[in-house]
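Close look at the chain arrangement
The lines below spell out each chain.
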Amino acid sequence: MTHSRRSLLAAGATGTIALTAGCLGFVLGNEPLEFAADRVAPTDEMVAETGYEERAVEQRTMERSEGIGGIERDFEASLWTSSYSKSVDYMGQTREGSVFTAVSVPGMEVAGQSVNPLDEMSNEELLKEFLGRVDSNRSNVDNIRDQESFALEILGESRDVDSFVGESELDGEPLDVELTLASFDHEDDLLVLLGVLPERLTEESANVELLMESVEHPADT
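The following refers to the structure shown. Model, not experiment: these values are computed from the prediction.

What follows is about the overall build of the protein. For the protein, the helix and strand inventory stands at 4 helices and 12 strands. Burial statistics for the protein: of 221 residues in total, 48% are counted as buried. For the protein, restricting intrachain contacts to residue pairs at least 6 apart in sequence, the fraction spanning at least 24 positions comes to 62%. As presented, the protein carries roughly 10,700 Å² of accessible surface, and 41% of it is formed by carbon and sulfur atoms.

In structure tokens:
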């Protein structure tokens, strides 16, 4: 029983949940209601043009419980994470210099109420939520601060993009990092696009923007 990003209707002022066809197990509390996102990803052509390589494509499930009309129910959300990286010459060695990640999370709404914990997060909060998952080399970034905001044309519309700077370490040496993040709703999914790179690799900022502008949703799985 999968309801992909579709809302359920509440049953009046009593706060009970409507008996929607095929959802009896959810209504009775015997099984979770499932939501599924469509994958978002940059085009293969732009990945190749910018010198990135696919690092991982993963579909995983997020579970949570939420009170709906005074009744506790379980939910499962299937989300996609697509990560790409680029090796660069840095401090005399070839290293993974920058990472780009595209995440899609299903919109989760029941009885007009969102059960998606990410819905109300700011870009800075989303950055902290996803950073450790998408860039294991720089999961500990401290003193994150807002740098600038700008707009990019992504999926046919102008989208707000926030740029941050933070402090990390590489081989015990301090390292300033640049973090670029866009988040917006598209086709009933929440999309989060994130680029992470050493601040001194300024030329990579433009490549992160090109990857953002090229994303497709739904993308091939």
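Text resumes after the structure shown.
What follows deals with the pairing of strand β9 (residues 142–154). Alignment of β9 against strand β10 (residues 157–170), held across 10 bridges, turns out to be antiparallel. Paired with serine 149 across the bridge in β10 is aspartate 162.

A few words now on the pairing of β10. Taken together, β9 and the strand that follows it, β10, pair antiparallel across an intervening segment of 2 residues, in which leucine 155 is found at a positive phi of about 55 degrees. Both β10 and strand β11 (residues 173–186) contribute to a ladder of 10 bridges, which runs antiparallel. Note on β11: the bridge partner recorded for serine 163 is threonine 180.

This part is about the nonpolar core. Residues Val105, Leu127, Phe130, Leu179 and Val192 are the most contacted members of the largest nonpolar core, which totals 26 residues. Every element with two or more residues in this core is listed here: β3 (33–36), β5 (71–90), β6 (93–106), α3 (123–134), β10, β11 and β12 (189–198). The residues contacting leucine 179, other than those within four sequence positions of it, are Leu127, Leu131, Val141, Asp162, Ser163, Phe164, Val165, Gly166, Gly195 and Val196. Membership of the second largest hydrophobic core comes to 23 residues, among which are Phe100, Leu152, Phe184 and Val215.

Another point: a negative patch on the surface. On the surface, a cluster of negative charge is made up of Asp44, Glu45, Glu54, Glu216 and Asp220. You can see aspartate 220 is positioned in the segment after α4 (203–214). On the basis of relative accessible area, aspartate 220 is assigned to the exposed category, the value being 67%.

What follows is about the environment of proline 174. As for its placement among the helices and strands, proline 174 is situated in strand β11. Other than its neighbours up to four places away in sequence, proline 174 contacts Ser168 and Glu169.

All right, on to α4 then. With 12 residues, α4 extends 18 Å between its outermost C-alpha atoms, agreeing within 8% with the 16 Å of an ideal straight helix rising 1.5 Å per residue. For α4, the set of buried residues is Glu204, Ser205, Asn207, Val208, Leu211, Met212 and Ser214.

A few words now on the pattern of salt bridges. Opposite charge on two side chains permits them to pair, given that their charged atoms come into close proximity. Applying the stated rule across the entire model yields 4 salt bridges. Here lysine 128 and glutamate 124 are joined by a salt bridge, their closest N and O atoms 3.8 Å apart. Within this pair, lysine 128 and its partner glutamate 124 are both found in helix α3, separated by 4 residues, close to a single helical turn. Owing to a relative accessible area of 54%, lysine 128 belongs among the exposed residues under this scheme. Take glutamate 124: its relative accessible area is 28%, and that puts it in the partly exposed class. Arginine 159 is the partner of glutamate 157 in a salt bridge, and the nearest nitrogen-oxygen pair spans 3.6 Å.

Criteria and cut-off values
- Residues numbered from 1 in each chain as written.
- Predicted model: local features only at pLDDT ≥ 70, side-chain atom pairs only at ≥ 80, totals over all residues.
- Heavy atoms only, no water.
- Helix = DSSP H or I, 4+ residues; strand = E, 2+ residues; numbered from the N terminus.
- Buried < 20%, exposed > 50% of the residue type's maximum accessible area, 1.4 Å probe, protein only.
- Contact = heavy atoms within 4.5 Å.
- Areas by Shrake-Rupley, 256 points an atom, 1.4 Å probe, with all protein chains shown as cover.
- Pairing = 2+ DSSP bridges.
- Core = buried A, V, L, I, M, F, W, Y, C linked by side-chain atoms within 4.5 Å.
- Patch = residues over 30% accessible without salt bridge, like charges linked within 9 Å, V, L, I, M, F, W, Y side chains within 5 Å.
- Salt bridge = Lys/Arg side-chain N within 4 Å of Asp/Glu carboxyl O.
- Lys, Arg positive; Asp, Glu negative; His and termini not counted.
- Charge placed at Lys NZ, Arg CZ, Asp CG, Glu CD.
- Expected span 1.5 Å × (residues − 1).

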